[in-house]
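Next come the chains, spelled out residue by residue.
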Amino acid sequence: NRLLTRIALSPVGEPLARVSNDDGVRSLLLSILSALLAHRALYFDRGILHRDISINNILQTPKVPDGISNTNGLLIDLDYALDVGIPGESETTVLRSGAPHRTGTLPFMAIPILHNPGLAHRYHYDLQSFFFVLVWCC
């Protein structure tokens, strides 16, 4: 009872890893800020913790003249995301993914996670990963 399905999509943007220096620092910072705001909304509005912030998971989107799109960046790749419950509304006791290995992109992982792979992932560890993305891009 399996069905082979293929979906063809056009690219929405370029990962920060492939963005040229010609785009400028302002554009880079706006892309990271947009991804940070998306991350905040995921966590506080939907109770989803991303857990894999890296330069390949933040896309810089082209400027759209239609006035509809006001973001310069997108946060993608929720493969390692975990539903932790909306803070303040639900009790969250389990923050481990159940994966037998560490999850995330090594150069951007929070230091406490690197020192203790069994440590439960927290919101502020993703914020540390955003800082490492910023440092990497500079």
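Our subject is the structure listed above.
Now for a quick tour of the structure. (Residues numbered from 1 in each chain as written. Predicted model: local features only at pLDDT ≥ 70, side-chain atom pairs only at ≥ 80, totals over all residues. Heavy atoms only, no water.)

1. Comments concerning the packing of aromatic side chains
Scanning all chains against the criterion turns up five aromatic pairs. Judged by centre distance (5.2 Å) and plane angle (65°), the ring pair of Phe 44 and Tyr 123 falls under edge-to-face. Placement of Phe 44 in helix H1 (residues 25-46) and of Tyr 123 in helix H3 (residues 123-137) is noted, with a sequence separation of 79 residues between them. Judged by its relative accessible area of 35%, Phe 44 falls in the partly exposed class. Tyr 123 gets classed as buried once you look at its relative accessible area, which sits at 17%. Connected via pairs of aromatic rings, a cluster forms that spans Tyr 43, Phe 44 and Tyr 123. (Phe/Tyr/Trp six-rings, centres within 6.5 Å; stacked < 30°, edge-to-face > 60°. Helix = DSSP H or I, 4+ residues; strand = E, 2+ residues; numbered from the N terminus. Buried < 20%, exposed > 50% of the residue type's maximum accessible area, 1.4 Å probe, protein only.)

2. Notes on the nonpolar core
For soluble globular proteins, the rule of thumb is that nonpolar side chains tend to be buried together. One finds Leu 16, Ile 32, Ile 53, Ile 58, Leu 75, Phe 130 and Val 133 to be the most contacted residues of the largest nonpolar core, which totals 14 residues. When contributions to this core are tallied by element, the ones reaching two or more residues are H1 and H3. Ranked by the residues each element gives to this core, the list is headed by H1, at four residues. Excluding residues within four positions of it along the chain, Ile 53 makes contact with His 39, Ile 58, Leu 75, Phe 108, Asp 126, Ser 129, Phe 130 and Val 133. (Core = buried A, V, L, I, M, F, W, Y, C linked by side-chain atoms within 4.5 Å. Contact = heavy atoms within 4.5 Å.)

3. Side note on the packing of H1 against H3
Look at H1 against H3: their axes get within 11 Å of each other, and the N-to-C directions meet at 170°. Taken together, the axis directions place H1 and H3 in an arrangement best described as roughly antiparallel. From H1, Leu 28, Leu 29, Ile 32, Ala 35, Leu 36, His 39, Arg 40, Tyr 43 and Phe 44 reach across to H3, where they touch Tyr 123, Asp 126, Leu 127, Phe 130, Val 133, Leu 134 and Cys 137. (Axes fitted to C-alpha atoms, helices over the stretch in contact; angles between N-to-C directions. Parallel < 35°, antiparallel > 145°, perpendicular 65-115°, else oblique.)

4. Regarding H1
Spanning 22 residues, H1 covers 31 Å between terminal C-alpha atoms, matching the ideal 32 Å at 1.5 Å per step. Within H1, the full set of buried residues consists of Ser 27, Leu 28, Ser 31, Ile 32, Ser 34, Ala 35, His 39, Leu 42 and Tyr 43. Down the axis of H1, the smallest arc covering the buried residues is 165°, so these residues share one side. Summarising the geometry of H1, the exposed residues directed more than 90 degrees from the buried face are Val 25, Arg 26 and Leu 37. Taken together, the buried residues of H1 touch strand E2 (48-49), strand E3 (58-60), strand E4 (73-75) and H3. Of the residues flanking the end of H1, it is Gly 47, one or two places downstream, whose phi is positive at about 75°. (Expected span 1.5 Å × (residues − 1). Arc of directions from axis to C-beta.)

5. Section: the pattern of salt bridges
A side chain of one charge can pair with a side chain of the opposite charge if their charged atoms are brought near each other. Evaluated as defined, the whole model comprises one salt bridge. The partner of Arg 18 in a salt bridge is Glu 14, and the shortest N-O contact between them spans 3.8 Å. Taking relative accessible area as the criterion, Arg 18 reaches 60% and is therefore assigned exposed. (Salt bridge = Lys/Arg side-chain N within 4 Å of Asp/Glu carboxyl O.)

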